[in-house]
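Chain residues, written in single-letter form:
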Amino acid sequence: TGGEVQRYRRQGVERTLTRLPFTLVWLGTPLKPTHLQAIETQRSIWLLDAPARTVVQVTREGRELARFTVPSRLPEATAFFVSEGQRVAYTIHRGKIAATDVSR
């Protein structure tokens with residue numbers, strides 16, 4: 001709820017996770033992420049700030065690469081998925097799906 005992103009790692013066969021330092025470095029005004037997508041096979045971490053209607057691409061180290069605005073005519077997004085291969089961010093808005101181009 002506070003928009004904080006934390007990073008954890010499992011060491012070897014340990015059952016517990018260790019928290020690692022992780023600070024987001026914003027290019028513009030800091031956002032408050034409400035949703036996160038971190039898929040091992042993707043190069044970037046993707047964040048959604050639903051109230052700001054913004055999808056953000058960040059490196060695995062936390063440095064912002066790009067921002068993309070989702071449609072403002074729709075209600076606030078409740079979920080999202082980014083396909084890096086298709087370069088599209090899909091956002092869910094009360095039963096409607098919006099596709100946003102995330103090419104730079």
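As shown above, the structure is provided for reference.
Predicted model only: the values in this text are computed from it and were never measured.

Novice: I'd love a proper account of the packing of aromatic side chains, names of residues and values included.
Specialist: Counted under the stated rule, the structure contains 1 aromatic pair. Ring geometry for W46 against F68: centres 6.4 Å apart, planes inclined by 35°, an arrangement best described as tilted. Residue W46 is located in strand β4 (residues 45-49), and its partner F68 is located in strand β6 (residues 64-69); the two are separated by 22 residues in the primary sequence. No difference in accessibility class separates W46 from F68, as the two residues are buried.

Novice: Report on unusual backbone geometry, specifying residues and quantitative values.
Specialist: Positioned with a positive phi, R53 is a non-glycine residue whose angle comes to about 55°. Following the sequence through the fold, R53 ends up in the loop between β4 and β5 (54-58). Positive phi outside glycine occurs at R94, with the angle close to 45°. Along the chain, the position of R94 falls in the loop between β8 (88-93) and β9 (96-101). Overall, R94 belongs to the exposed group, its relative accessible area being 70%.

Novice: Lay out the sheet that holds strand β3 (residues 35-37) in plain terms, naming residues and giving numbers.
Specialist: Backbone hydrogen bonds hold the strands of a sheet together, and the pairing may be parallel or antiparallel. With antiparallel pairing, 4 strands are arranged side by side in an open sheet as β3-β4-β5-β6. Each end of this open sheet is capped by a strand with a single partner; those strands are β3 and β6. Adjacent strand axes in the sheet meet at a mean angle of 20° when their direction is disregarded. Direction of pairing for β4 relative to β5: antiparallel, over a ladder of 5 bridges. Looking at the pairing, L47 lines up with V56 of β5.

Rules of the game
- Residues numbered from 1 in each chain as written.
- Predicted model: local features only at pLDDT ≥ 70, side-chain atom pairs only at ≥ 80, totals over all residues.
- Heavy atoms only, no water.
- Phe/Tyr/Trp six-rings, centres within 6.5 Å; stacked < 30°, edge-to-face > 60°.
- Helix = DSSP H or I, 4+ residues; strand = E, 2+ residues; numbered from the N terminus.
- Buried < 20%, exposed > 50% of the residue type's maximum accessible area, 1.4 Å probe, protein only.
- Pairing = 2+ DSSP bridges.
- Axes fitted to C-alpha atoms, helices over the stretch in contact; angles between N-to-C directions.

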